[in-house]
Amino acid sequence: MNSKTKEMKETNKSNKRNIKKYIGISLIIIIIAIIAIVSLWIYKKSNIVNGIDISNKRVLIEKSYQNYAWGYQYSGTVICEDGSIYSFKFEKTSDTKYDKKTKASKDILEHITESKGTVNKDDLKQLKEQLSTITNDVTEKHAAYDAGQTSIKYYHYDTNEIITLKSSGDYERQNNSQNLDNVLKILKKYDMEVTSMFGF
C-alpha cells in the first residue's frame with residue numbers, strides 16, 4: 001500500500017470520526033433544546049407563587065375593585081378554597097375573560113401578584129359552613145356614575161354562580177341571605193370588607 005492510499009484512508013477515518021463527533025454534539029444540543037422547551041411549557045402552564053404551584057387552586061372569595069371609567073382597573077384579594085390568600089391585578093381589559101366561574105377563578109389565579117398568608121383553619125371551616133347557606137338573593141340600587149365598584153363575591157361551584165355578598169360604588173348591592181353577617185364578620189378579620197360609599 002503506497003503512502004498516498006494510506007494517507008487517504010487515514011483522512012477518511014478522521015473525517016468519519018469528526019462526522020460522528022458533530023452528530024453526537026448536535027444530538028446533545030437538540031436534546032437540551034427539547035428539555036428547555038418542555039420545561040418552559042410546563043412552567044408557563046403552572047403558576048408558581050413563593051415556590052408553590054397555585055394553578056390547580058380555586059377561588060372561594062374575591063374582594064376586588066373594578067373601574068372602566070378612568071382607565072381600566074381591576075385588582076383585589078382572593079381567598080382560595082384551601083384558605084390561601086393572594087392579591088391579584090389585571091393590567092388591561094384583554095386579560096379578563098368573563099365566562100363561567102371556573103374560568104374566572106383560573107383567570108384571576110393567572111394574575112396573582114403576591115401571597116398574603118392563609119385563613120385560620122377554624123375560620124375557614126366556619127366560613128365554608130356559613131357560605132353554604134348563602135343564596136343569590138341580592139338587592140341593588142344605582143348610586144353613582146364612574147365611581148367604579150368595590151365588591152365581595154362568593155364563588156359557588158355547586159350552582160356555578162359568582163354570588164355578590166356586598167358591593168359599593170356605581171351600584172349598591174346587598175345580599176339578603178340570613179347568615180350574611182356571620183360571613184362578613186369572618187372576612188373582616190382578613191381585611192375583606194366593603195364599606196358602603198353612599199349608604200344602603
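Each remark here, short or long, concerns the structure printed above.
Residues numbered from 1 in each chain as written. Predicted model: local features only at pLDDT ≥ 70, side-chain atom pairs only at ≥ 80, totals over all residues. Heavy atoms only, no water.

Novice: I'd like a description of the pairing of strand β9 (residues 161-169), backed by residues and values.
Specialist: In terms of residue burial, β9 counts as a mostly covered element, since seven of its nine residues are buried. Pairing analysis gives eight bridges linking strand β8 (residues 149-156) to β9, with the strands arranged antiparallel. Counterpart to S151 in the pairing with β9 is S167. What sits between the antiparallel neighbours β8 and β9 is a turn of four residues, in which N160 has the positive phi angle 55°. Pairing between β9 and strand β10 (residues 171-175): two bridges, direction antiparallel. Residue pairing for β10: S167 is matched across the bridge by R173. Hairpin connection from β9 to β10: one residue lie between these consecutive antiparallel strands. (Buried < 20%, exposed > 50% of the residue type's maximum accessible area, 1.4 Å probe, protein only. Helix = DSSP H or I, 4+ residues; strand = E, 2+ residues; numbered from the N terminus. Pairing = 2+ DSSP bridges.)

Novice: Lay out helix α4 (residues 180-188) in plain terms, naming residues and giving numbers.
Specialist: Buried within α4 we find L180, V183, L184, I186 and L187. End-on, the buried residues of α4 take up no more than an arc of 160°, which puts them together on one face. Along α4, the residues that are exposed and aim more than 90 degrees away from the buried face are D181, K185 and K188. Elements that come into contact with the buried residues of α4 comprise β3 (59-67), β4 (73-80), α3 (121-131), β8, β9 and β10. (Arc of directions from axis to C-beta. Contact = heavy atoms within 4.5 Å.)

Novice: Summarise the side chain of E62; cite the residues concerned and give the values.
Specialist: Here E62 shows up in strand β3. Buried charged residue E62 carries no salt bridge. Nearest counter-charge: K153, at 4.5 Å. Of note is the side chain of E62, whose polar atom sits 2.7 Å from the side chain of S64. Only 2.5 Å separates the side chain of E62 from the side chain of Y155, close enough to count as a polar contact. In contact with E62, other than residues within four places in its own chain, are Y74, T77, V78, F88, I108, S151, I152, K153, Y155 and M192. (Lys, Arg positive; Asp, Glu negative; His and termini not counted. Salt bridge = Lys/Arg side-chain N within 4 Å of Asp/Glu carboxyl O. Polar contact = N/O pair within 3.5 Å; in protein donor to acceptor, adjacent residues only side chain to side chain.)

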